[in-house]
Amino acid sequence: MSLYNHQPLKIYNSLSGEKEPFVPVHEGNVGMYVCGPTVYSNVHLGNVRTFMSFDVIFRYLLHLEYKVRYVRNITDVGHIVDDVDEGEDKIAKKARLEQLEPMEVVQRYTVDFHRILSAFNFLPPSIEPTATGHIIEQIEIIKKIIDNGFAYEANGSIYFDVVKYNKDHNYGILSGRNIEDMLANTRDLDGQSDKRNPQDFALWKKAEPQHIMRWPSPWSDGFPGWHLECTAMSTKYLGNHFDIHGGGMDLKFPHHECEIAQNEACTGHTPVNYWMHANMLTLNGKKMAKSTGNNILPGEILTGDNTILSKPFSASVTRFFMLQAHYRSILDFSDDAIVAAEKGYKRLMEALSLLKDLPTSAQSSVAIEDWKQLCYDAMNDDFNTPILIAHLFEGVRYINVIKDGKETITAEDLETFTIAIEAFVFMVLGLENEKISDSSNDKLEGTIQLLIEMRKQARENKNFALSDQIRDQLLALGIQLKDGKEGTTFSL
């Protein structure tokens with residue numbers, strides 16, 4: 001039997017507001033769609049956190065031996081500035097400002113997106129479709145929605161009729177919004193809009209003469225509305241009814257709400273069983289914003305080329321930092337927080353390096369199977385990475401006390417323990433064992449080696465008071481000396 005048969009998983013479903021047992025549409029198979037980036041600028045750190053959350057979810061589902069089809073799209077047309085239906089396409093605006101072809105903008109920032117995600121050790125999705133590659137599918141969906149009576153044409157544009165849809169369906173089922181309240185809190189249309197109702201949203205927009213990105217359709221030369229592409233691509237590759245749809249918390253309304261409406265208007269039933277949303281990332285307690293300077297790009301963390309952090313940090317340290325918070329929690333990024341995370345990461349990797357040399361005994365005094373199940377329990381509880389990390393550090397404690405001879409472990413339990421802890425650290429969390437080496441670390445190591453040599457000379461001269469003073473003062477600074485047959489080593 002596959003591992004998922006023995007490890008029942010619960011997922012927090014934004015649709016119900018509760019954790020629900022995960023039961024896939026097709027046993028042993030998972031279809032997961034995650035809204036990808038709009039490629040008009042460098043991917044920002046908040047995006048990276050969202051995609052990292054779903055990378056870990058993807059990894060854990062694979063670890064449980066599900067066959068997973070993970071689809072993450074690229075939005076390369078149709079995303080209007082400020083997420084409204086009137087105005088300029090984000091990519092077209094960038095192309096105009098930089099005097100480039102729109103597809104040059106798309107290519108530049110798609111390459112950057114892939115480069116950053118690769119640096120942070122993301123697994124690639126099974127399929128990465130683009131909006132421009134699925135114009136035909138989007139037009140066909142619009143035709144069906146019109147035929148079913150939930151959309152209308154106005155001056156070459158097509159709009160989804162939210163009020164009509166809401167008579168027999170629940171527009172607001174995901175976000176908890178009430179359409180009567182929404183109608184009451186919006187101003188009347190000024191007569192310049194083609195919409196019948198303020199809440200209606202575009203399925204197809206007629207292109208203005210100056211609009212570069214345009215395609216022929218039965219209604220006009222134009223381009224698809226932003227919400228439509230995900231409906232088209234998710235159903236094409238995962239079917240009209242699939243398991244998981246994810247994205248950032250900011251996409252819950254209107255984007256995901258509109259997706260549900262489009263799917264139900266087209267097919268007659270709800271498209272997704274589990275809606276998942278990752279929470280936001282703040283910087284020094286405030287929302288990240290380029291305009292205020294409270295902003296940092298992922299690549300700037302790796303190079304140290306920023307005014308926020310005290311030094312560069314590796315991709316795995318940054319990843320470890322982010323996974324110390326649950327994906328549904330707000331996470332605040334700061335220099336102090338990532339410095340602390342680096343210390344924890346080093347401690348974890350140092351402990352893993354000791355596994356191969358741990359002594360074995362006839363009996364185990366540590367309960368490895370119980371520890372292993374606690375790790376699974378954490379991930380089975382809506383992918384709770386901070387609790388998993390807490391259990392991993394209990395594993396670090398096991399390693400240290402076994403090495404010091406205070407606890408024992410059998411060879412069989414050591415093999416089980418090694419396989420499990422390495423699987424959770426490297427396969428599930430996606431960390432890499434990076435040697436963090438910079439000039440300050442090299443200087444620190446050189447200084448400690450000098451003190452170790454001075455202590456050795458003091459002992460040879462029978463100056464045990466000085467020898468003990470060096471050892472004790474280093475220990476007070478968090479540096480432990482360990483005397484062995486082959487000399488003295490140290491650990492932080």
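Given the structure is predicted, the values throughout are model-derived calculations rather than measurements.

**Q** I'm lost on the nonpolar core in this one. Help?
**A** Where a protein is soluble and globular, its nonpolar side chains tend to be buried together. Counting 136 residues, the largest nonpolar core has F160 and F333 as its most contacted members. Residue contributions to this core peak at ten residues, all from helix α1 (residues 45-63). Leave out the neighbours within four places in its chain, and F160 touches I145, F150, A151, Y152, Y165, D200, F201, L203, A261, Q262 and A265.

**Q** How should helix α14 (residues 411-428) be read in this particular structure?
**A** The α-helix winds at 3.6 residues per turn, so residues separated by three or four positions along the chain end up facing the same way. For α14, built from 18 residues, the straight-helix expectation of 26 Å at 1.5 Å per residue is met to within 8% by its first-to-last C-alpha distance of 24 Å. Residues of α14 that are buried: D413, L414, F417, T418, A420, I421, A423, F424, V425 and V428. Its buried side turned inward, α14 meets α1, α11 (335-353), α12 (368-380) and α13 (385-403). Phi turns positive one or two residues past the end of α14, at G430, with a value near 75°.

**Q** I keep staring at the packing of helix α2 (residues 90-98) against helix α3 (residues 102-119) and nothing clicks. Help me out?
**A** The description of two packed helices rests on the angle between their axes and on the distance between the axes. Where α2 contacts α3, the two axes come as close as 8 Å, and the packing angle between them is 105°. One way to sum up the angle between α2 and α3 is to call them roughly perpendicular. Between α2 and α3, the contacting residues are I91, K94, A95 and E98 on the first element and P102, V105, V106, R108 and Y109 on the second.

**Q** Sorry, what's going on with the pattern of salt bridges here?
**A** In the structure shown here, the tally under the stated rule is 17 salt bridges. Across the pair E128 and R72 runs a salt bridge whose closest N-O atoms are separated by 3.1 Å. With E128 in the loop between α3 and α4 (135-147) and R72 in strand β4 (residues 67-72), the pair connects residues that are 56 residues apart, well separated along the chain. Since its relative accessible area comes to 26%, E128 is described here as partly exposed. Note that E394 is salt-bridged to R397, the shortest N-O span being 2.8 Å. In this pair, E394 and R397 both sit in helix α13, three residues apart, roughly one turn of the helix. Note on E394: relative accessible area 28%, which makes it partly exposed. Beyond isolated ion pairs, a larger network of salt bridges with shared partners links D55, R59 and R319.

**Q** Looking at this model, I keep getting lost on the packing of aromatic side chains. Mind explaining?
**A** Note on aromatic pairs: each is described by the distance of the centres and the angle between the planes. Within this structure, the stated rule accounts for 18 aromatic pairs. An aromatic cluster is built from Y4, F22, Y66 and Y274, whose rings are joined through pairwise contacts. The ring of Y152 is capped by R196, whose NZ or CZ atom sits 4.0 Å from the centre of that ring.

**Q** Mind showing me how you'd approach the pairing of strand β7 (residues 201-206) here?
**A** Burial analysis of β7 places five of its six residues in the buried class, which makes it a mostly covered element. Here three bridges tie strand β6 (residues 157-160) to β7, and the two strands are oriented antiparallel to one another. Looking at β7, one finds that F160 is bridged to F201. Sheet analysis places β7 next to strand β8 (residues 222-224), joined by three bridges and oriented antiparallel. Bridge pairing in β8 places K206 opposite G222.

What counts and how
- Residues numbered from 1 in each chain as written.
- Predicted model: local features only at pLDDT ≥ 70, side-chain atom pairs only at ≥ 80, totals over all residues.
- Heavy atoms only, no water.
- Core = buried A, V, L, I, M, F, W, Y, C linked by side-chain atoms within 4.5 Å.
- Buried < 20%, exposed > 50% of the residue type's maximum accessible area, 1.4 Å probe, protein only.
- Helix = DSSP H or I, 4+ residues; strand = E, 2+ residues; numbered from the N terminus.
- Contact = heavy atoms within 4.5 Å.
- Expected span 1.5 Å × (residues − 1).
- Axes fitted to C-alpha atoms, helices over the stretch in contact; angles between N-to-C directions.
- Parallel < 35°, antiparallel > 145°, perpendicular 65-115°, else oblique.
- Salt bridge = Lys/Arg side-chain N within 4 Å of Asp/Glu carboxyl O.
- Phe/Tyr/Trp six-rings, centres within 6.5 Å; stacked < 30°, edge-to-face > 60°.
- Lys NZ or Arg CZ within 6 Å of the ring centre and 35° of its normal.
- Pairing = 2+ DSSP bridges.

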